[in-house]
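Commentary on secondary and tertiary structure
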There are 2 protein chains.
Amino acid sequence: MSPRIGLDLPTILQAAVEIADTRGLEEVTLASLAQKLDVRSPSLYNHVNGLSGLRSKLAVYGLEQLLHVMTQAVVGRSGDDAVRELGKAYVAFARAHPGLYDATLRAPDPQDEEVRRLAGETVDLVVRALQAYELKDDAALHAVRGLRSLLHGFSSLEQRGGFGLPLDLDVSFQLLLDTFLAGLHEMKRRAKAESKPN
Amino acid sequence: MSPRIGLDLPTILQAAVEIADTRGLEEVTLASLAQKLDVRSPSLYNHVNGLSGLRSKLAVYGLEQLLHVMTQAVVGRSGDDAVRELGKAYVAFARAHPGLYDATLRAPDPQDEEVRRLAGETVDLVVRALQAYELKDDAALHAVRGLRSLLHGFSSLEQRGGFGLPLDLDVSFQLLLDTFLAGLHEMKRRAKAESKPN
DNA sequence: TTGCAAAAACTAATGACATTAGTTATTATA
DNA sequence: TATAATAACTAATGTCATTAGTTTTTGCAA
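Position numbers for residues start from 1 in each chain and track the written sequence from start to end. Chain letters start at A and ligand numbers start at 1, both assigned in the order the entries are written. The model is predicted, so local features are restricted to residues of pLDDT at least 70 and side-chain atom pairs to those at 80 or more, both for listing and for counting; the totals for chains, interfaces and linings are taken over all residues. Hydrogens and waters are ignored; side-chain quantities use all the structure's heavy atoms.

Further remarks concern the interface of chain A and chain B. In this description, contact between two residues means that some pair of their heavy atoms is separated by no more than 4.5 Å. Taken residue by residue, the interface counts 37 residues in chain A and 37 residues in chain B. Note on chain A versus chain B: buried area summed over both sides is about 3,400 Å², and carbon and sulfur give 69% of it. For any pair of parts, buried area is found by adding up, for both, the accessible area (1.4 Å probe) each one loses once the two are put together. Looking only at chain A, the three residues that lose the most surface to chain B are A:His142, A:Arg145 and A:Leu167, adding up to 20% of its buried area. Here, a salt bridge means any Lys or Arg side-chain nitrogen found within 4 Å of an Asp or Glu carboxyl oxygen. Where chain A packs against chain B, one counts zero salt bridges.

Right, let's get into the side chain of A:Glu158. Comment: elements are numbered from the N terminus, with helices defined as DSSP H or I runs of at least four residues and strands as E runs of at least two. Mapping A:Glu158 onto the fold places it in helix H7 (residues 138-159). Excluding residues within four positions of it along the chain, A:Glu158 makes contact with A:Arg95, A:Phe163 and A:Leu169.

What follows deals with the nonpolar core. Only buried residues count toward a nonpolar core. Its members are Ala, Val, Leu, Ile, Met, Phe, Trp, Tyr and Cys residues joined through side-chain atoms within 4.5 Å. Only protein chains enter the accessibility calculation, which uses a 1.4 Å probe. A residue is then buried if its area is under 20% of the maximum for its type, exposed if over 50%, and partly exposed in between. By size, the foremost hydrophobic cluster in this structure holds 111 residues, and its most contacted members are A:Leu33, A:Leu54, A:Leu147, B:Leu33, B:Leu54 and B:Leu147. Apart from the residues within four sequence positions on either side, A:Leu54 is in contact with A:Ile12, A:Leu13, A:Ala16, A:Val28, A:Leu30, A:Leu33 and A:Val48.

Take B:Ser172: it is sitting in helix H8 (residues 169-195). For B:Ser172, the residues in contact, after removing those within four places along its chain, are A:His142, A:Arg145 and B:Phe154.

With a phi close to 60°, A:Asp38 is a non-glycine residue in the positive phi region. Locating A:Asp38 in the fold gives a position in the loop between helix H2 (30-37) and helix H3 (50-74). Accessibility expressed as a relative area gives 70% for A:Asp38, which makes it exposed. Phi at B:Asp137 takes a positive value of approximately 50°, unusual for a residue other than glycine. The exposed category is assigned to B:Asp137, whose relative accessible area is 70%.

The analysis is restricted to geometry; functional conclusions fall outside its scope.
Dropping the structure here:
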């Protein structure tokens with residue numbers, strides 16, 4: 001009971017990531033992938049459940065890596081520093097792996113257990129990074145959504161060249177993060193002013 | 001010199017939007033569109049330059065509509081009120097027309113003159129809406145990018161079901177906007193504190 | 001009224017793709 | 001050394017987009 005050892009999943013994913021990052025996610029086809037791996041496309045079905053299966057695996061792979069770089073960014077930090085490094089790590093990942101980043105958003109099946117686990121872990125990580133702002137109850141989760149919106153929005157628009165203006169992107173990002181953080185501090189101040197006097 | 005009067009561009013775009021909004025942008029194919037219009041797919045080439053041409057037209061069409069609803073949202077308003085209404089109009093558009101909204105981001109050719117014009121007009125509109133914050137020079141443009149990042153990020157993640165949490169989306173959005181606005185005010189305060197004392 | 005030119009819509013054909021069915025080849029272990 | 005498991009293969013089908021070339025319609029000029 002043992003077959004020939006040709007392809008394996010890591011090799012396939014690596015090749016797929018390379019195509020995605022250099023040519024775009026749409027160019028990741030079973031045909032282009034098979035050609036790159038010097039194999040006939042039906043052979044890929046032995047490792048992956050068709051094109052949609054490949055995309056799902058790619059999504060999980062990307063989510064794992066994204067979570068990893070985000071985790072590395074926040075260890076040993078807190079408050080503004082933690083959030084800033086988290087943000088920088090996020091956009092750096094999106095810049096370094098545009099196709100893979102794309103896959104994490106377009107491909108994932110929300111029902112997939114692995115996807116749910118990774119999403120949960122990511123939320124937990126960001127909640128912890130936001131601890132310093134003393135957000136009550138759901139407020140922390142809303143803030144996680146907000147931060148993610150802003151990070152994804154910036155990364156996504158940057159990738160699509162959606163910013164037509166001749167303006168330094170890093171400055172824009174820095175300022176956006178600063179504004180958001182200033183807002184968080186202000187919200188914290190307001191919450192205190194509201195609870196203390198009573 | 002006159003042909004038969006069958007299809008026309010508005011009819012085609014309307015049908016394409018309907019498919020995009022109900023089944024997703026990927027489902028807008030010349031085949032599906034032709035079927036919906038009760039025509040053979042090569043006939044569409046008389047009105048549109050293939051699939052990519054259709055997508056470009058769809059992008060322009062969407063950008064026009066988006067600019068329109070944003071314009072309506074800010075007329076007669078200023079400051080936080082203007083920004084809030086602008087934001088609400090943006091996400092409302094994305095919610096009402098998920099496929100068309102998608103097209104405005106994925107399809108447009110940045111070289112296209114029409115696209116550039118619409119993008120420019122949109123930037124101008126938002127810059128005007130942000131006048132109350134007295135942002136200096138490039139700061140206003142950076143703020144436009146920031147606001148757009150946050151609006152697009154939220155809309156995009158909402159559409160993809162990227163928010164796994166069982167939490168009210170409108171509250172999240174409201175809070176995100178509040179935080180951003182509080183941040184803008186704080187930045188304005190800081191800028192004043194920095195210039196005045198000198 | 002008639003005929004023509006322009007343009008829309010058509011048929012036919014090609015090539016890229018995903019996918020399935022069924023075959024061949026390889027290799028670890030019994 | 002034989003075999004069972006499984007990877008990789010060939011062949012075939014169906015869906016697309018796209019191009020070439022044909023037919024049809026219709027406003028206008030003669």
